[in-house]
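Coordinate analysis (summary)
One letter stands for each residue in the lines below.
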Amino acid sequence: SDTHSGVLTSLAGVCRTKFEQLNELIETAMGDESSGSDLGELFAVHEVLSDAIVAAGTTKSEPGFHDSFSTSNSIEKHLILFATSSQDTAPVGKAQGENVFSLLCHLRGHKQKQFDAAWALLSVVRTMQGTNACNEIISSGGIQSLVSLFKASARDPRLMMVSALTLAYLVPSLEGQSANDVVMGIIECLQYLIETSQVSNDCDDISLEEILKASAFAMTNLWMNALEHRSRDLKKRLSSSFDRLVADDVFSDGNISPRRRGSITSQLGEDVDFTILIEAFTSLSVEAAKLEPPVLTIRGSDDMNMYYSFALIIESICAVEYARSIAMREGVIKVIVKWLKSEDTELEHPAANALRNLTMSRNDYTAGWVHSQLLNENALVHIIGRLESPEFRVRLAMAEVILSLTAAPHTRAAIIDAGGVRYLVQLFVDAQASDEALTLSAGNALLRLAVGSSSCSTKRPGSSVGKKSMLSEQYIIINDIIQNGALESLVAIGKTKQYGDLRYLSTRILRVISEASCSFNPTRHKLCDAEAVLALGKILYDDVTFIRSLVENSTASSHSSDLINDSLSNDILAVSKATPPEGALQEMRQVLRGISSIFYSSNISDDERLEVFHIMLKACSQLISSGGITSLLWLSSAPLNVCSSIELICNSPHCLREIRVDACRALASLCHILKSSDGVQPGISKWAPKILSAILNILKSESNSEENAFNDINIDILHGLGSLAECEVLKVRIIDEFMPRLLKFFQHEDKDVSEAATLVCFALGFNVFEEGVGWDAYLLSDKFSLGRARLIQEMARDEIRKLLSEIWVPSLQAISKKQSLKNDGSALTNIELGNLFQVLVEDQDTAKARERVRR
């Protein structure tokens, strides 16, 4: 009726007026980028007004009215209507923004309008990624609107697909930090795309390739721009927030301010919400990585398969400590092993890095979980096999993976069973001249395998079943290391390299091999043939020279020992200023223990003794020529003020005391060689007096010490002294300088020390059990001096007998010959002539003693 028409016209006019005001309000809100307001309610009102104006147009026929507000539901005609008020005067960009705004408004309309608007937005972002249109959609609240549309369209798969795919195209244009609920909505949309990518969808214009391409690109950008940087220190932030809760007791009735309480709880809440995001995204990424790689490739990406994007995401996720356990729960190990088996170089690299990150977890539970999964998947065979990959980065990652796996006994055994030692040795030898990082990783893995190998017996590889030749597992590993050429490389590093991680590693491995030589003499033989003692001696000489130069350049007083007579010149070796004193001391300890092990000889059988003795002579010659023996003498005899200066420089109290213990033990191990080396290796026996002086000084100083810090090596030193005491020329010095203190060691409360002192007494020629309890050191010294004086007399008589025999025997023989020609029976026989001067004084009982002294 006319009455209703007037009312309708009036209401339509009000709607048009309010519609213009609402446009201005939304335009103002959209222009303020810092507000961050949700325009969803304004969009809903905008939709209602639009529908009211259209409804009025269908009822009331006015000139231009019906043409402007058509009953058609097409989005294109609505855009013409909404933009007419400003398109004539506004710039093109503004008109485009208003069109985008109108599309966003229709996302809250009826289903067909929603689908048409979402499809129109998808068409825009498909062709205009990264342009102002995408930024306009994001700044207009399009992300929130599309997320809301996706969640509200659970019964419409087409609308869910279009809205989720539109979001995927918009994610790369996101800048800055987004709210957690928005990011979670995006993850849910991407989850839907991944789940439906393997089944047919109701949208014929959307292909599987497009879904995977957009999803991979969106996931990569979402992780890099919104999640990765916040996830790096997530565990630290959570721990800090909980500590603050406990420290401040924010939920008590204390005096904490409401603002501080709110700040702590708010930050904790954000971090907890963020953990949910990380968990959801990690699950999504592993699920995407489980898909079979598609055949199609991404255009414009250097022919890189879109599936590789998922591999790169997995690699980055596994670098985040908090996400590792989530990835393990989702089955990421199976995915990584599949990539390693694929022989695809583009998958091997991210797989290798991801596995390295997983095995290097600082969480013991996660690390153990990773180890167990790798064993269950029989992955070690593939990991070890990739040590021969042509890609350097893959080889390095695999070496670091194996290094991490050597931390546990069960994985060490699995590596050995899979033949990992041979591969690691080959990698160590080949990488020595090219890359230090790779050499260090392979070398440290070998070191851990050798040190951590169990002492259980295993059969030697290749031995017959009937034979019971059982060798320790450690020997088998060390034998593999030697047989595959690592020993020569280790020695070469020790000879040529200056101080550094690589040389320190070589000394540690050589020490382990040397300790094995105590039980297996073939290993000792190979060490000497490879000149390992020469390399260790050179390293020791370098380190001692460096330490001495530090002491002499410091304000502390430095006095060199009288024993070595300045044999270490300060002008020899210009040591690098970058060498840390602490590192030099640690390296010294490794070298000293290695040298002591090589010269250890207590468990040598009688059948092997002669062969081992010649090997040790060769090793001793190498130690002397390298300058190592002079370094041992300096370390064992360094004055207390020098020791204090070194400990002050290195900021390591008592560090030199431990090094001196090792040096003294090494010197003691040399004594059994020096006692009988004269005539076998010229120039070796001359060091015996110097080593004797060092040993006596050590025993003197420690026997007067109340703390007796060296009591744990007194036995070794006394055994060495006993070896030197068998040398006749050194007996006088031992008795003259050390006899009273030797008796104190004989009366020591420690039974082992007392027995070692007893052996020294026997070597000196004293039977302490026959001397009685109250024996006196000075009386024994006098007795020894008297016996030695008598021995000298006997030697003199022997010389006199020889001289008389040389003078008189020829004349007597001539006389006897003449008498025999006369046949008068008075001629002396040859036997009578030979015994003529022997019977002057009988000294046969000391013949052996005289021969020892003479030799």
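1. A short note on the overall build of the protein
From N to C terminus, the protein includes 41 helices and two strands. When each of the 855 residues of the protein is scored for burial, the buried share is 49%. Restricting the contact set of the protein to residue pairs at least 6 apart, pairs at least 24 apart contribute 73%. Within the structure as shown, the protein displays about 41,500 Å² of accessible surface, and the carbon and sulfur contribution to it stands at 52%.

2. Quick word on the packing of aromatic side chains
Scanning all chains against the criterion turns up eight aromatic pairs. On the numbers, 5.9 Å between centres and 55 degrees between planes, the contact of Tyr-365 with Trp-369 is tilted. In this pair, Tyr-365 and Trp-369 are both assigned in helix α18 (residues 364-376), four residues apart and thus about one turn of the helix distant. For the ring pair Phe-766 and Phe-784, a centre distance of 6.4 Å and an interplane angle of 70 degrees mean the geometry is edge-to-face. Of this pair, Phe-766 sits in the loop between α37 (751-764) and α38 (768-771) while Phe-784 sits in helix α39 (residues 777-822), and the two are 18 residues apart along the sequence. Here Phe-766 and Phe-784 have matching classes, each one buried. Here the aromatic residues Tyr-307, Phe-310 and Trp-339 are joined through ring pairs into a cluster of three or more. Across from the ring centre of Phe-115, 4.1 Å away, lies the NZ or CZ of Arg-158, which sits over that ring. The ring centre of Trp-687 lies 4.5 Å from the NZ or CZ of Lys-690, which sits over that ring.

3. Focus: the packing of helix α9 (residues 157-170) against helix α11 (residues 208-231)
Put simply, α9 and α11 touch, their axes get as near as 8 Å, and they point 45 degrees apart. Comparing their axes, α11 and α9 come out oblique. For the crossing formed where α9 meets α11, the hand is left-handed. Touching Met-161, Leu-165, Ala-168 and Tyr-169 of α9 are Glu-210, Ile-211, Ala-214 and Ala-218, all from α11. Of the residues assigned to the contact of α9 with α11, the class counts are seven nonpolar, no polar and one charged.

4. Remarks on the environment of Leu-623
Examined against the element boundaries, Leu-623 turns out to sit in helix α30 (residues 606-626). Taking relative accessible area as the criterion, Leu-623 reaches 0% and is therefore assigned buried. Between the C-alpha atom of Leu-623 and that of Val-533, which follows or precedes it by 90 residues, the distance is 5.9 Å.

5. Side note on the nonpolar core
Counting residues in each nonpolar core, the largest one holds 220 residues, and the members touching the most others are Leu-222, Leu-227, Phe-281, Ile-383, Phe-599, Leu-670 and Leu-721. In terms of residue count, helix α33 (residues 655-674) provides more of this core than any other element does, eleven residues in total. What Leu-670 contacts, discounting residues up to four positions off in sequence, is Phe-599, Cys-620, Leu-623, Ile-629, Leu-632 and Ile-691.

6. A look at the side chain of Thr-411
Locating Thr-411 in the fold gives a position in helix α21 (residues 409-417). With relative accessibility at 1%, the residue Thr-411 sits in the buried group.

7. Structural notes on the confidence of the model for the protein
Across the protein, the average pLDDT comes to 75, with 70% of residues at 70 or higher. The weakest mean pLDDT in the protein belongs to helix α4 (residues 75-83) at 36; the strongest belongs to helix α20 (residues 392-405) at 93. Note that pLDDT drops below 50 for residues 454-470; the model gives that stretch 21 contacts with residues more than four away or on any other chain. Low pLDDT (under 50) marks residues 703-709, which in the prediction has nine contacts with non-local residues, meaning those over four places away or in another chain.

8. With respect to the pattern of salt bridges
Evaluation of the coordinates by the stated rule reveals 22 salt bridges. A salt bridge links Glu-391 to Arg-393, with the shortest nitrogen-to-oxygen separation between them at 3.9 Å. The residue Lys-618 makes a salt bridge to Asp-529 at a minimum N-O spacing of 3.1 Å. Placement of Lys-618 in helix α30 and of Asp-529 in helix α27 (residues 521-529) is noted, with a sequence separation of 89 residues between them.

9. Brief notes about the environment of Val-100
With respect to the element layout, Val-100 can be found in helix α5 (residues 92-106). We classify Val-100 as buried; its relative accessible area is 5%. A C-alpha to C-alpha distance of 9.4 Å links Val-100 and Cys-134, two positions 34 residues apart in sequence. When sequence neighbours within four positions are dropped, the list of residues in contact with Val-100 reads Glu-136 and Ile-137.

10. Thoughts on unusual backbone geometry
In the Ramachandran plot, Asn-378 falls in the positive-phi region, its phi being about 55 degrees despite a non-glycine side chain. Checked against the element boundaries, Asn-378 lands in the loop between α18 and α19 (380-385). With a phi angle near 60 degrees, Glu-531 is a residue other than glycine that sits in the positive phi range. If you trace the backbone, Glu-531 turns up in the loop between α27 and α28 (532-553).

11. Notes on the packing of helix α36 (residues 728-746) against α37
Two quantities define a packed helix pair, namely the angle between the axes and the distance from one axis to the other. With their axes 10 Å apart at the nearest point, α36 and α37 run at an angle of 150 degrees to one another. Relative to α37, the element α36 lies roughly antiparallel. The handedness of the crossing between α36 and α37 comes out as left-handed. Mapping the contact onto sequence places Lys-731, Ile-734, Ile-735, Met-739, Leu-742, Phe-745 and Phe-746 in α36 and Val-753, Ser-754, Ala-757, Thr-758, Val-760, Cys-761, Ala-763 and Leu-764 in α37.

12. With respect to the environment of Met-161
Examined against the element boundaries, Met-161 turns out to sit in helix α9. By relative accessible area, which is 1% here, Met-161 ends up buried. Sequence spacing of Met-161 and Phe-150 is eleven residues, and the spatial spacing of their C-alpha atoms is 8.2 Å.

13. Details of α9
Between the first and last C-alpha of α9 there are 20 Å, a value that for 14 residues agrees with the 20 Å anticipated at 1.5 Å per step. The element α9 is largely enclosed, with a buried count of twelve among its 14 residues. Taken together, the buried positions of α9 are Leu-159, Met-160, Met-161, Val-162, Ser-163, Ala-164, Leu-165, Thr-166, Leu-167, Ala-168, Tyr-169 and Leu-170.

14. What to know about helix α31 (residues 628-637)
Within α31, ten of the ten residues are buried, which leaves it mostly tucked inside the rest of the structure. Buried within α31 are the following residues: Gly-628, Ile-629, Thr-630, Ser-631, Leu-632, Leu-633, Trp-634, Leu-635, Ser-636 and Ser-637.

15. As for a nonpolar patch on the surface
A cluster of nonpolar side chains, namely Leu-803, Ile-807 and Trp-808, defines an oily patch on the protein surface of about 320 Å² accessible area. On the secondary structure map, Ile-807 appears in helix α39.

Criteria and thresholds
Residues numbered from 1 in each chain as written. Predicted model: local features only at pLDDT ≥ 70, side-chain atom pairs only at ≥ 80, totals over all residues. Heavy atoms only, no water. Helix = DSSP H or I, 4+ residues; strand = E, 2+ residues; numbered from the N terminus. Buried < 20%, exposed > 50% of the residue type's maximum accessible area, 1.4 Å probe, protein only. Contact = heavy atoms within 4.5 Å. Areas by Shrake-Rupley, 256 points an atom, 1.4 Å probe, with all protein chains shown as cover. Phe/Tyr/Trp six-rings, centres within 6.5 Å; stacked < 30°, edge-to-face > 60°. Lys NZ or Arg CZ within 6 Å of the ring centre and 35° of its normal. Axes fitted to C-alpha atoms, helices over the stretch in contact; angles between N-to-C directions. Parallel < 35°, antiparallel > 145°, perpendicular 65-115°, else oblique. Left-handed = near helix turned anticlockwise from the far one by under 90°. Nonpolar A, V, L, I, M, F, W, Y, C, P; charged D, E, K, R; others polar. Core = buried A, V, L, I, M, F, W, Y, C linked by side-chain atoms within 4.5 Å. pLDDT = per-residue confidence, 0-100. Salt bridge = Lys/Arg side-chain N within 4 Å of Asp/Glu carboxyl O. Expected span 1.5 Å × (residues − 1). Patch = residues over 30% accessible without salt bridge, like charges linked within 9 Å, V, L, I, M, F, W, Y side chains within 5 Å.

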